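Listed below are the residues making up each chain.
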Amino acid sequence: MAEAADFQGMTPSPARRWLRRTGALLAGAPLLAGLLQLPAATPAAAASGSSTVAVALDTLTPSAPTDGDTLTVSGTVTNNSKQAVTDAQVDLRVGPALSTRSEIDTVAKRTDFQPGLDGTVVGGKYVKKFTKLAPGVAQDFSISVPVDELDLGSDGVYQLGVSLTGETSAQQWQQVLGIQRTFLPWQPEGADTKTKTTVLWPLVSTVHMTAETGSNEQQTPVFLNDDLAKEISPGGRLEQMLSLGKELDVTWVVDPDLLASVDAMTRTYRVESGSTTVAGTHQRVAMAWLAELQEAVTDKEVVALPFSDPDLASLAHNGTTVTGSLSHLKEATDAATTTVKTVLHVTPSTDFAWPVEGAVDPSIVKVATSAGADKVIARSDSLQETGGLPYTPSSARPIGGGTTAVVSDARLSTAFEGDLTKASATTLAVQKFLASSLALNAQTDKQRSIVVAPQRMATASQARAMAEAVTALQDGNWSQTQGLTSAAAAKPDTSATTKVPSASAYPSSLRKQELPKAAFEQIATTQDKLDRFKVILTDASRVVTPFGRAMNREMSTSWRGRAAEANRYRNAVERYLNSLVSQVRLIDKSETKLSGRSATIPVTVQNNLVQGVEHLVLRLTSTSPTRLKIGDGEYQEQRVAVSGGHSQSVKFTTSAQANGKTTVTAQLFTEDGQAYGDPVQFDVKVTEFTATVMLVIGGGFLLLVLAGFRMYTQRKRAAAREATEDGPDETGEAVDATENPADSEDRLQKESGTLRGADDPEQPSDPAPDTAAESADPSGTGERVDR
C-alpha cells in the first residue's frame, strides 16, 4: 500500500513547524556529538557485539503518554555470553520521529545496534546500573522518566530504544551489548481529524457437537469432547475473549454454532469417550458464560456469521460444482438469525460475509453474496491499492453488483498473531499497533473509516494483548470508535481501488488448507440419504435439524489445517445416519413352502426407531410369475406404517401355477419410488394338488366305505348261521350246515357284485397302479403359510 512520504495532507501551524525543527536539532545534536567522540575502531565492534545481552521489554506504561505523564519502562537483561559483563548500564534512547508505517516496519525488523539510527540516550538519573552481569542470569530493571525529559517534538511516532552498555574481558571498553526497540505514540492533544476505527471482536470456536442425539424427548446432544468447557471456563480462551471484550467498544462477530453448543451444555448433554458416551458436567460454567455474554452484547452491535462459519473460499473453489452445496450456505445463513435471537435475545446483522483472512477473488465474492449477504469483509493485502494513493483510504469499496467490500487494514489486523505468551512480545505488539494507527491517522487531514479484523480464534494471550491495545487506542487522542455497519455505509473514497483480484492472486498457502471437492461430494451423499430417510418419518424434525446442522459443521472454516479430523467427522456423521436408516428394515425369511393352488405369504417390517414410520410401500416380486403369481401378476405392493419400536407383518396373496422352487424378492420403497434399505430374497417351494391326485383320494375313500360295508355283512351272516344251528328260522327254512363258511361269503359277495376275481378285468374307477400314495411326512423346515 502506498504511504505518504511524510504526514501527507497536513498543514502544520508555524509554531508547530518551529517545534518540529527544534526537536529535530535537539535530537540530532547529541547523536552527532556521540559519533564524533567514538574511537575509529569501535563502531563495527559495537554493532557486532550488540546481541551479547538480550534485552526484554516487559512493560511500557502508559502506552500512549501525554503531557505530564511519567513513562515507566521495565523488563530484564540476560547475559547470553560465556563471559561476565561489567560496569553495565541500561539506558533509554529516543530516536527520530517516523513519518510512515513502512518506516515503522523497517525499524521493527532491525536487531543489531546501529549508531546514528538508534537515537540518543536520555541519560542522567534515568538509568539502571549493574556492577556485573553473570553469564545466563537475568536481571530486572525499571526506569521511570517524566515525558517532558524525553524532548519529544511534534505529534507523531517516535522510536524508543532500551539498550545495555558494558564491558567484557575480551573487549574492555564501553559499548552497546544489547538493545530492544519499540515505538512511542505521541499525541498529547486531540488530533484535528480523528480516524473512525472499527474493531471486530470474534467469538468463534472449532466444531464440538456431533449429529447424534438421544432418543428421549429432549434429544440429548452428544459432544465430540469436553474442550469447549475448557474454553469457557475461567482463564480459558473464550472466557478471556468475553471478559476482556465486554470492557471495550467493539463489534461482536459471533458464530451461531458456538452459541448453540454452549446453550446445549446448559442442559443435559453427553460426551464421547471411546466407544461410549459419558454425562457432561459443566452446566454451571456454560450458564455463567452465556449470562455474561448476554449482558456484554446488550446495546452493542452483533454480527452473526452463517451457522458454523462455513469456509467460503473452499466452497467457491471446490464446492460449487457439487449439487446442493450452495443450499447449505443458505440454510446456515437462515439458522444464524434464529440462533442468535434465541440464545442472546438480540437481533444480529447477517449482511456480512467473512472469507478466511479476508482473501477474496471473484468466485469467493459470488459465493459469499449468494446467501443474502451484500457486504464482504476483505483485507488490504488482498484487495490492494493500485492507484498510487499516498494514504490509506476508507474501508468501504463498491465492487459491483450492489456488493460492498469492507477492507480491513492488514497491518492492524495482523498485529497480534504469533506467540504472545511472553510479556515482552505483548508489549512490542501493542506499541507497534498503536504506532501504526497513529501514523495512519497522520497521513491526511481527510477523515477515514478503518476496520480492524483480527484472527478468528485468538489465544488467551493474544486476546489480552488485543484488549490492551484497543483500550489504549480508545483512550488515545487520534481515534474514535465506530461500528461495522457504519463503516460499511461510509462514503467511499473515489480514488480507492474497487477491482477484486483474480483467482490466480489467491494465496497458495490458503488454497492448500481448503476443503477438497471430495468433502462436498460426501456432504451431498449424506444429504441425499437424509432426504430419502426423512420422508418416512412421522416427526422428521428430530432428524432433519441435527443432521442439517452437522452438515453445516462439515463445511466449517475451523477445519483448515485439520484435514484428518475433518474427514473423521464427515465419516462419523454419515455412519450415524446409516445406522438410523437401518433401524427400519425387513426381517430375513427362510425358505417357504406352499401346498395348494393359493396361499398368503407374510413379510415382516421392523421399526427400531423411537418414532413411527409411514409413507412406505412394501413390494413383493416373483422372479418366475409363470410358476408363482403374487397378486394379479409379477408383484404386489402394499402401504406400510409401523409405530416406533414395533414390527408389522404384511401378507401377500399368491397363486401357484406349477410345482417347483421360485425366488421371491421383498423390497421397501418410499412413496416416490425410491428404494429404501436392502432387499430380502427367499425361496418359495410349491407343491400343487393336481386333478389326478384328487381322483386317487376319492377312490381311496370309496374303498374305505366298501370295506366297512363288507365287515358289516360278514358279521350279520355270521350271526344268522349261529341262529340256524340252534334250529329253523322263523320262516321254517333251514340252512345247509355242511356249506363251508368261506364259500358262503364268496358266494354272497359275488351275488352282490363287490368282489373281483384275480382274473377279472381292471375297472375304470380303480386307482392307477403308478400313482404313489401321498406322503404323510412333515413338510420340512420351511416356513408355514396361511391358507
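These numbers were taken from a predicted model, which means no experiment stands behind them.

A short note on the overall build of the protein chain
Okay, so step 1: A count of helical and extended segments in the protein chain gives 20 helices and 30 strands.
Okay, so step 2: Considering the protein chain as a whole, with its 787 residues, one finds that 46% of them fall into the buried category.
Okay, so step 3: Within the protein chain, contacts between residues at least 6 apart in sequence are counted, and of these 78% link residues at least 24 apart.
Okay, so step 4: For the protein chain, the accessible surface area stands at approximately 37400 Å², while carbon and sulfur atoms represent 51% of it.

Some thoughts on the confidence of the model for the protein chain
Okay, so step 1: Residues of the protein chain with pLDDT of at least 70 account for 83%, and the chain-wide mean is 86.
Okay, so step 2: Within the model, pLDDT remains below 50 along residues 1–48, and this stretch shows 57 contacts once partners closer than five positions in the same chain are excluded.
Okay, so step 3: A low-confidence stretch, residues 727–787 stays under pLDDT 50, and its non-local contacts, those more than four residues away or across chains, total 41 contacts.

Structural notes on the environment of D299
Okay, so step 1: When you line up the elements, D299 lands in the loop between α7 (283–296) and β15 (302–304).
Okay, so step 2: Judged by its relative accessible area of 78%, D299 falls in the exposed class.
Okay, so step 3: Distance in space between the C-alpha atoms of D299 and V346 is 8.7 Å, their sequence separation being 47 residues.

So, the pattern of salt bridges
Okay, so step 1: Applying the stated rule across the entire model yields 26 salt bridges.
Okay, so step 2: A salt bridge links D105 to R411; the shortest N-O distance between them is 2.9 Å. In this pair, D105 sits in helix α3 (residues 101–109) while R411 sits in helix α11 (residues 410–413), placing the two residues 306 residues apart along the sequence.
Okay, so step 3: According to the relative accessible area criterion, D105 is buried, its value standing at 18%.
Okay, so step 4: Linking K375 and D374 is a salt bridge whose minimum nitrogen-to-oxygen distance equals 2.9 Å.
Okay, so step 5: Assessed through its relative accessible area of 31%, D374 is described here as partly exposed.
Okay, so step 6: It is possible to trace a salt-bridge network through shared partners that takes in D105, R411 and K432.

Considering a negative patch on the surface
Okay, so step 1: Judged by side-chain charge, D67, D148, E149, D151 and E189 come together as a negatively charged surface patch.
Okay, so step 2: Among the secondary structure elements, D151 is positioned in the loop between β6 (138–146) and β7 (156–167).

With respect to a nonpolar patch on the surface
Okay, so step 1: On the surface, L702, L703 and L706 cluster together into a nonpolar patch covering about 280 Å² of accessible area.
Okay, so step 2: Inspection of the secondary structure puts L702 in helix α19 (residues 691–725).

Some remarks on helix α16 (residues 517–534)
Okay, so step 1: Here α16 is 18 residues long and its end C-alpha atoms lie 26 Å apart, about the 26 Å a rise of 1.5 Å per residue gives.
Okay, so step 2: Within the span of α16, buried status applies to A519, F520, Q522, I523, T526, Q527, L530 and F533. End-on view of α16: buried residues confined to an arc of 155 degrees, all on one side of the axis.

What about the side chain of T333?
Okay, so step 1: The residue T333 is located in helix α9 (residues 325–344) in this model.
Okay, so step 2: Looking at T333, the relative accessible area reads 11%, which means it is buried.
Okay, so step 3: With near-sequence residues (within four places) excluded, T333 lies in contact with P306 and A371.

A look at the sheet that holds β6
Okay, so step 1: Spatial strand order, β1-β2-β6: 3 strands in an open sheet with antiparallel pairing. Strands with a single pairing partner mark the edges of an open sheet, and in this sheet they are β1 (53–61) and β6. With strand direction ignored, the average angle separating the axes of adjacent strands in the sheet is 20 degrees.
Okay, so step 2: The sheet contact formed by strand β2 (residues 70–79) and β6 spans 9 bridges and is antiparallel.

Let's talk about the nonpolar core
One broad rule of soluble globular proteins: the nonpolar side chains tend to lie buried together.
Okay, so step 1: Counting residues in each nonpolar core, the largest one holds 74 residues, and the members touching the most others are F533, F547 and L618.
Okay, so step 2: Sort the elements by how many residues they give to this core and helix α18 (residues 563–581) lands first, with 6 residues.
Okay, so step 3: If we skip the residues at most four places from it in the chain, F547 touches A211, L530, V573, Y576, L577 and L580.

A word on unusual backbone geometry
Okay, so step 1: Look at the link from T61 to P62: it is a cis peptide, with omega at -10 degrees.
Okay, so step 2: When you line up the elements, P62 lands in the loop between β1 and β2.
Okay, so step 3: With phi around 65 degrees, H345 is a residue other than glycine that occupies positive phi space.
Okay, so step 4: Relative to the helices and strands, H345 is located in the loop between α9 and β16 (352–353).
Okay, so step 5: For H345, a relative accessible area of 59% corresponds to the exposed category.
Okay, so step 6: Unusually for a residue other than glycine, E357 sits at a positive phi of about 55 degrees.
Okay, so step 7: Mapped onto the fold, E357 is located in the loop between β16 and α10 (362–368).

Quick notes on the environment of P546
Okay, so step 1: In this fold, P546 is placed in helix α17 (residues 541–554).
Okay, so step 2: Through-space distance from the C-alpha of P546 to that of A211 is 5.4 Å; in sequence the pair is 335 residues apart.

What about the packing of α17 against α18?
Two quantities define a packed helix pair, namely the angle between the helix axes and the distance between the axes.
Okay, so step 1: Where α17 meets α18, the axes come as close as 10 Å, and the angle between the chain directions of the two elements is 160 degrees. One finds that α17 runs roughly antiparallel with respect to α18. The handedness of the crossing between α17 and α18 comes out as left-handed. On the side of α17, the interface is formed by F547, A550, R553 and E554, while α18 contributes Y569, R570, V573, Y576, L577 and L580.
Okay, so step 2: In terms of residue class, the contact of α17 with α18 is made up of 7 nonpolar, no polar and 3 charged.

A few points about the packing of α16 against α18
Okay, so step 1: One way to put it is that α16 packs onto α18 with a least axis distance of 10 Å and a crossing angle of 15 degrees. Here α16 is positioned roughly parallel relative to α18, judged by the angle of their axes. Handedness of the crossing formed by α16 with α18: left-handed. Residue-level inspection shows A519, Q522, I523, T525, T526, K529, L530 and F533 of α16 in contact with α18, the latter providing N567, R570, N571, V573, E574, L577, N578, L580 and V581.
Okay, so step 2: Here the contact of α16 with α18 is built from residues that sort into 8 nonpolar, 6 polar and 3 charged.

Criteria and thresholds
Residues numbered from 1 in each chain as written. Predicted model: local features only at pLDDT ≥ 70, side-chain atom pairs only at ≥ 80, totals over all residues. Heavy atoms only, no water. Helix = DSSP H or I, 4+ residues; strand = E, 2+ residues; numbered from the N terminus. Buried < 20%, exposed > 50% of the residue type's maximum accessible area, 1.4 Å probe, protein only. Contact = heavy atoms within 4.5 Å. Areas by Shrake-Rupley, 256 points an atom, 1.4 Å probe, with all protein chains shown as cover. pLDDT = per-residue confidence, 0-100. Salt bridge = Lys/Arg side-chain N within 4 Å of Asp/Glu carboxyl O. Patch = residues over 30% accessible without salt bridge, like charges linked within 9 Å, V, L, I, M, F, W, Y side chains within 5 Å. Lys, Arg positive; Asp, Glu negative; His and termini not counted. Charge placed at Lys NZ, Arg CZ, Asp CG, Glu CD. Expected span 1.5 Å × (residues − 1). Arc of directions from axis to C-beta. Pairing = 2+ DSSP bridges. Axes fitted to C-alpha atoms, helices over the stretch in contact; angles between N-to-C directions. Core = buried A, V, L, I, M, F, W, Y, C linked by side-chain atoms within 4.5 Å. Parallel < 35°, antiparallel > 145°, perpendicular 65-115°, else oblique. Left-handed = near helix turned anticlockwise from the far one by under 90°. Nonpolar A, V, L, I, M, F, W, Y, C, P; charged D, E, K, R; others polar.

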